[in-house]
Amino acid sequence: MSKCEQCIAKQLNSLQSMTSEELRKVSACKTTRYYKKGDIIFDEGESLHGVYCVRSGVCKLTKLSANGKDHTVKLLGKGELLGQRSVISDERTNLSAVALNDIELCFVPKDQIVTPLHENQNFSFDVLQSLAKDLRSAEDDLINMAQKTVKQRMAETLIYIQKVFGTDASGALNVILSREDYASIVGTATESAIRILSQFKKERLIATSGKHITITDLEGLKRVD
């Protein structure tokens, strides 16, 4: 079992602001959990007893809409924390978390997060900043939905995935999503997402091979209107 004090993933989230002693306590009681592609990590409306930290892999946060379809709200990768808002606010989860590929998570019990919040000012401030960034991101998403075209949102999604999750040895995006996932992220019908991606391919902005997508003209994608 890897120790939290030496974990690279914790450098990417609020846990980096914990003291050495706090990290040792977290390390002593955390458990490692593995999920296969498509597995549900937690469901909307669950009461969580701790926070998850992504060690490897990617998951998506989804919200069930009134018409019974899942809307993808966010993609999370290495170093990201899942469930911290629900644990801190002591509320049931507002979103579901689903593994997009094989994923390894560290589960940290609730008391190992809440206690340092009361005792460690640096950790509390980092958590507050993280929640503020999440709120800003949610506000930006609402603005984008209202002010940007579906094509622009699709282009920005592709650019975001490459920027955050990188590419494989062939140059394709590291995160493999279905056309339904892309439609859910940008807020459109699957048929529309397929049509837009096909158009991007014809315009040589991207190349595709099955579900694999390679950005071939990054600057061109940035200019999509």
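The rules we used
- Residue indices begin from 1 for each chain and proceed along its sequence in written order.
- Given that this is a predicted model, residues contribute local features only at a pLDDT of at least 70 and side-chain atom pairs are listed and counted only at 80 or more, while totals for whole chains, interfaces and linings are drawn from all residues.
- By convention in this description, side-chain values take in all heavy atoms of the structure and omit both hydrogens and water.
- For each residue, the accessible area found with a 1.4 Å probe, counting protein chains only, is set against the maximum for its type, and the residue is called buried under 20%, exposed over 50%, and partly exposed in between.
- Under the DSSP-based scheme used, a helix requires at least four consecutive residues in state H or I and a strand at least two consecutive residues in state E, with every element numbered from the N terminus.
- By construction, the arc corresponds to the directions joining the helix axis to the C-beta atoms.
- The criterion is simple. A nonpolar core is a set of buried Ala, Val, Leu, Ile, Met, Phe, Trp, Tyr and Cys residues joined through side-chain atoms within 4.5 Å.
- Multiplying 1.5 Å by the residue count of a helix minus one yields the expected span of that helix.
- UniProt positions are given in the numbering used here, feature names are shortened, and annotations may be inferred rather than shown by experiment.
- By definition, disulfides here are pairs of cysteine sulfur atoms that lie within 2.5 Å.
- Domain start and stop points were drawn from an automatic or database domain assignment.
- For this document, the term salt bridge refers to a Lys or Arg side-chain nitrogen within 4 Å of an Asp or Glu carboxyl oxygen.
- Contacts are assigned to residue pairs that have any heavy atoms within 4.5 Å of one another.

Student: Break down helix α3 (residues 111–119) for me, with residues and values.
Tutor: Those residues of α3 that sit buried are Gln112, Ile113 and Pro116. Along the axis of α3, the buried residues cluster in a sector spanning 100°; they form a single face.

Student: Any chance you could break down the nonpolar core for me, citing the residues and the numbers?
Tutor: Residues Ile41, Phe42, Tyr52 and Leu82 are the most contacted members of the largest nonpolar core, which totals 28 residues. Among the secondary structure elements, those contributing two or more residues to this core are α1 (20–29), β2 (40–42), β3 (50–56), β4 (59–64), β6 (81–82), β7 (96–99), β8 (103–109) and α4 (121–147). For this core, the leading source of residues is β8, giving 5 residues. Counting residues in hydrophobic clusters, the runner-up holds 26 residues, among them Leu158, Val186, Ala193 and Ile213.

Student: Residues and numbers for helix α5 (residues 150–165), please.
Tutor: Its 16 residues give α5 an end-to-end C-alpha distance of 22 Å, which sits within 8% of 22 Å, the value for a rise of 1.5 Å per residue. Gly166 lies just past α5 and shows a positive phi near 75°.

Student: Please give an account of the UniProt feature "domain: HTH crp-type" (unreviewed entry) in the chain that cites residues and values.
Tutor: Under the present numbering, the feature "domain: HTH crp-type" (unreviewed entry) in UniProt falls on residues 148–219. Taken end to end, residues 148–219 has its terminal C-alpha atoms 18 Å apart, with 54% of it in helix and 11% in strand.

Student: A description of the state of the cysteines should follow, citing residues and the corresponding values.
Tutor: Inspection of every chain in the model, using the stated rule, returns 0 disulfides. Cys106 takes part in no disulfide bond, and the closest cysteine sulfur, belonging to Cys53, lies 5.9 Å away.

Student: Can you break down the domain arrangement of the chain residue by residue, with the values?
Tutor: As assigned here, the chain comprises domain 1 (4–145) and domain 2 (148–223). The gap between the C-alpha centroids of domain 1 and domain 2 is 26 Å. Linking domain 1 with domain 2 are 1 salt bridge. Across the pair Asp181 and Lys60 runs a salt bridge whose closest N-O atoms are separated by 2.7 Å.

Student: Any chance you could break down the environment of Cys106 for me, citing the residues and the numbers?
Tutor: When you line up the elements, Cys106 lands in strand β8. Residue class for Cys106 comes out buried when judged on its relative accessible area of 6%. Cys106 sits 74 residues away from Thr32 along the chain, and the two C-alpha atoms are 4.5 Å apart. Setting aside its immediate chain neighbours within four residues, Cys106 contacts Lys30, Thr31, Thr32, Val51, Tyr52, Cys53 and Arg55.

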